[in-house]
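Each chain, letter by letter, is given below.
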Amino acid sequence: MDPKKNYYEILGVPEGATAEEIRKAFRRMAKKHHPDVNAGDKSAEARFKEVNEANEVLSDKKKREEYDALRKGAFTGGPFDGGWGGEAFRGGGRPTGGFRSGTFDFEDILGQFLRNEGTGFTPPDRGEDVRVEVSVDFLDMVRGGVREVRYRRPKTCPECGGTGRAGRRGCPVCFGHGVTETEERVKIKIPAGARDGATIRVPSKGEERASRGGASDLIVVLHMLSHPYFRREGNDILLDVPIRYSEAVKGAKIQVPTVDGPVMVTVPPGSSSGRKLRLKGKGVPTPGTVERGDQFVVLHVAVPKSPSEEFLKLVDRLAQYEESDLRGHWD
Ligand SMILES: [Zn+2]
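The shown structure was predicted, so the numbers you read here are calculated from the model rather than taken from an experiment.

## Remarks on unusual backbone geometry
For step 1, the next point in the chain: Positioned with a positive phi, Phe 175 is a non-glycine residue whose angle comes to about 55°.
For step 2, the next point in the chain: Positionally, Phe 175 belongs in the loop between strand E4 (169-170) and strand E5 (179-190).
For step 3, the next point in the chain: On the basis of neighbour count, Phe 175 is assigned to the partly exposed category, with 16 C-beta atoms found within 10 Å.

Written out as structure tokens, the structure reads:
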């Protein structure tokens, strides 16, 4: 407790605020400044600590009375120990026992009110699930595969055992959070046919809290990378294939890639651009089944950009035989 600080201002409530107003203000401010939503923002971290400190005093009737009394001048001017969290206050001649913040855990406080938000259902408290996003190659999403995921895993601080304290001061390892992070690797199995945005839950690989006897889960979010030539629409795969004018007119057998390797495809005579040839069962598997989508070969008739004189002469001759009313249906 530090009467030099204005805890009311920190929580954004008037000095006469009710317990309910303080509770609501704390909930709002703690969410806003929580380290989880302000990763890497040191000033947010500091504000989060202040908000917690303010709440710890103002939400406790006895501490609040002491604090108000100190601010009103009852305080005789003893030295402050301006240490971390303002916990070690030694007022001149006043008892100090009730003023110490003691060992509180930010996560506990936050966890408490987040749980209370619900409908009374209290899930087992094992810490928060950890979410990590990974980019996965197109073909690994289609065929399935194994992928190593690296992530930062929050764990109970080994230095202070999660209390956030080292004697009278904040723990120098976790800066009072009671939690540190370690670099972890875990292998995940990507199911064949996984969709962009799919999640894989790895049990007990999330936040590990020694005090709570367990760990939450790791949630891996899969993001599919695009492929140089395959496109995916649901469980179907599309492939754009250029063909020559002569192939389009007379038909042809051409080789095209599929996710299973190359196959021969028959282009029927008289194929215009945009025609789709279906390769049944060459698409994406439906996870957990033997079903697969199809691959569609989308034909594109390619014409030369800078044809030779000879080519143009032949095209002129060809034009004499072409249908003249291709766009007649617009009349
Ligand atoms: Zn620590």
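Let's pick the thread back up.
## Looking at the sheet that holds strand E15 (residues 295-302)
For step 1, the next point in the chain: With mixed pairing, four strands are arranged side by side in an open sheet as E10-E11-E15-E14. Strands at the two margins of the open sheet, each flanked by one partner only, are strand E10 (230-233) and strand E14 (276-279). Adjacent strand axes in the sheet meet at a mean angle of 30° when their direction is disregarded.
For step 2, the next point in the chain: With four bridges joining them, E14 and E15 adopt antiparallel strand pairing. Of the residues in E15, the one forming a bridge with Lys 276 is Val 298.

## With respect to the nonpolar core
For step 1, the next point in the chain: If you look at the biggest cluster of nonpolar residues, it comprises 19 residues, and the most contacted ones within it are Met 141, Ile 190 and Leu 222.
For step 2, the next point in the chain: Breaking this core down by element, the ones donating at least two residues are helix H6 (138-143), E5, strand E9 (218-224), strand E11 (236-244) and E15.
For step 3, the next point in the chain: When residues of this core are sorted by domain, at least three fall in each of domain 2 (130-224) and domain 3 (230-323).
For step 4, the next point in the chain: Of all hydrophobic cores here, the second largest spans 16 residues; its members include Ala 25, Ala 30, Val 51 and Leu 58.

## Let's talk about the packing of helix H2 (residues 19-33) against helix H3 (residues 42-58)
For step 1, the next point in the chain: Where H2 meets H3, the axes come as close as 9 Å, and the angle between the chain directions of the two elements is 165°. On the basis of the axis angle, H2 is roughly antiparallel to H3. Seen along the crossing, H2 lies across H3 with a hand that is left-handed. Residues Ile 22, Phe 26, Met 29, Ala 30 and His 33 of H2 lie in contact with H3, whose contacting residues are Ala 44, Arg 47, Phe 48, Val 51, Asn 52, Asn 55 and Leu 58.
For step 2, the next point in the chain: Considered class by class, the residues forming the contact of H2 with H3 number eight nonpolar, three polar and one charged.

## Section: the sheet that holds E9
For step 1, the next point in the chain: Spatial ordering of the open sheet is given by E1-E9-E6, a layout of three strands whose pairing is mixed. Every other strand in the sheet has two partners, leaving strand E1 (130-136) and strand E6 (199-202) as the edge strands with one partner each. Averaged over all neighbouring strand pairs, the angle between strand axes comes to 25°, with direction disregarded.
For step 2, the next point in the chain: For E6 and E9, the ladder comprises four bridges, and the chain directions are antiparallel. Residue pairing across strands places Val 202 opposite Leu 218, the latter belonging to E9.

Thresholds applied
Residues numbered from 1 in each chain as written. Predicted model: local features only at pLDDT ≥ 70, side-chain atom pairs only at ≥ 80, totals over all residues. Helix = DSSP H or I, 4+ residues; strand = E, 2+ residues; numbered from the N terminus. Buried ≥ 20, exposed ≤ 12 C-beta atoms within 10 Å, placed from the backbone. Pairing = 2+ DSSP bridges. Axes fitted to C-alpha atoms, helices over the stretch in contact; angles between N-to-C directions. Core = buried A, V, L, I, M, F, W, Y, C linked by C-beta atoms within 7 Å. Domains from an automatic or database assignment. Parallel < 35°, antiparallel > 145°, perpendicular 65-115°, else oblique. Left-handed = near helix turned anticlockwise from the far one by under 90°. Contact = placed C-beta atoms within 7 Å. Nonpolar A, V, L, I, M, F, W, Y, C, P; charged D, E, K, R; others polar.

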